[in-house]
Amino acid sequence: MKTSGNGGKPTTQQSNLAKLPRALGPLIERPQWAVWRWIQKPDGSWQKPPFMATQPQRHASTKDSTTWNDYDTALAAVQAGHADGLSYILTADDPFAAIDLDHCRDVDTHSIDVWAQNFLQRGRFSYSEVTPSGTGCRIWGLANGDSLHRKFTLTIDGKEIAAELFRRTHKALTVTGYKLDSIRELTNIDKVLDWAVIWASAARQRLKPY
């Protein structure tokens, strides 16, 4: 579902946040929620920093649990118009992991670039969704591997893309509920994360100018 922004803000793409997909149930149960708003940077681009649900003008910290709230409180803040969406605060103690695929989806046609399709295919047994801009995808899953917090930026077919990997680390991650599949539970994505590191390193080498 598209929600029109105001004042030139990007259009937020998300489903009904009050009825998130069943696969996200384990996240909903934890009091690790914040809200986010579109904030324009000096260069004109937009970012989505986390804010406290109870004090929407104050930033939430990924390492300070006193700035987090439960899902219902965060949802109420969004419904009251104090924020544009929800963020889950991933921590080093969480059993969850995520993979961000940036600049890989066409908002109008909903087509997804081949490189990102490869990620989604490998993570097909776990939950995936569209990110707020509509131009990215995120895979959510379970993990018990070592800490991983890496971003790979590449140029593929003339377009700059990025893949970000999060496991046993601190990161605020938006949640839209705009699902890409019918998966009803999270599954382990350690093998997908480990493959992604190898894929990105090989892609960097292959695309390196000579």
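Just above sits the structure.
These remarks concern the structure in this document. Predicted, not measured: the structure shown is a model, and the values here were computed from it. (Residues numbered from 1 in each chain as written. Predicted model: local features only at pLDDT ≥ 70, side-chain atom pairs only at ≥ 80, totals over all residues. Heavy atoms only, no water.)

## So, the overall build of the chain
- Along the chain, the regular secondary structure elements total four helices and 13 strands.
- Since a compact globule built from 210 residues should have a radius of gyration of about 17 Å, the 17 Å found for the chain is in line with a globular shape.
- In terms of overall dimensions, the chain has a C-alpha envelope of 50 × 40 × 30 Å along the principal axes.
- Counting every position in the chain, which comprises 210 residues, the buried fraction comes to 48%. (Helix = DSSP H or I, 4+ residues; strand = E, 2+ residues; numbered from the N terminus. Rg over C-alpha atoms; globule rule 2.2 N^0.38 Å. Buried < 20%, exposed > 50% of the residue type's maximum accessible area, 1.4 Å probe, protein only.)

## Points about the sheet that holds strand β12 (residues 159–167)
- Spatial ordering of the open sheet is given by β9-β10-β8-β12-β11, a layout of five strands whose pairing is antiparallel. Only two strands of the sheet have a single partner each, and these edge strands are β9 (127–130) and β11 (148–156). When the angles between neighbouring strand axes are averaged without regard to direction, this sheet yields 15°.
- For strand β8 (residues 96–102) and β12, the ladder comprises six bridges, and the chain directions are antiparallel. Bridge pairing in β12 places A98 opposite F166. (Pairing = 2+ DSSP bridges. Axes fitted to C-alpha atoms, helices over the stretch in contact; angles between N-to-C directions.)

## Brief notes about helix α3 (residues 114–122)
- W115, A116, F119 and L120 are the residues of α3 that are buried. Relative to the axis of α3, the buried residues are bounded by an arc of 140° and lie together on one face. (Arc of directions from axis to C-beta.)

## Looking at unusual backbone geometry
- Residues other than glycine seldom take positive phi values, yet D157 does so here, at roughly 55°.
- Looking at the element boundaries, D157 is found in the loop between β11 and β12.
- Residue classification places D157 among the exposed positions, given a relative accessible area of 79%.

## Some thoughts on helix α2 (residues 71–79)
- For α2, the set of buried residues is Y71, A74, L75, A77 and V78. Looking straight down α2, one finds its buried side chains confined to an arc of 160°; they lie on one side. Opposite the packed face of α2, turned more than 90 degrees from it, sit the exposed residues D72 and Q79.
- Along its buried surface, α2 packs onto α1 (25–28), β3 (33–36) and β7 (85–90).
- Its side-chain oxygen at 3.3 Å from the backbone nitrogen of D72, D70 defines the N-terminal cap of α2. (Contact = heavy atoms within 4.5 Å. Polar contact = N/O pair within 3.5 Å; in protein donor to acceptor, adjacent residues only side chain to side chain.)

## A short note on the pattern of salt bridges
- Per the stated rule, a full pass over the model turns up six salt bridges.
- The partner of D94 in a salt bridge is R30, and the shortest N-O contact between them spans 3.3 Å. Taken as a pair, D94 in the loop between β7 and β8 and R30 in the loop between α1 and β3 lie far apart in primary sequence, 64 residues in all.
- By relative accessible area, which is 29% here, R30 ends up partly exposed. (Salt bridge = Lys/Arg side-chain N within 4 Å of Asp/Glu carboxyl O.)

## Quick look at the packing of aromatic side chains
- Counted under the stated rule, the structure contains 10 aromatic pairs.
- Their ring planes at 85° and their centres at 5.1 Å tell us that W36 and W38 sit as a pair that is edge-to-face.
- An aromatic cluster of three or more residues is present, and its members are W33, Y71, Y88, F96 and W140. (Phe/Tyr/Trp six-rings, centres within 6.5 Å; stacked < 30°, edge-to-face > 60°.)

Honestly, that's just the spatial picture; any functional story needs more than this.
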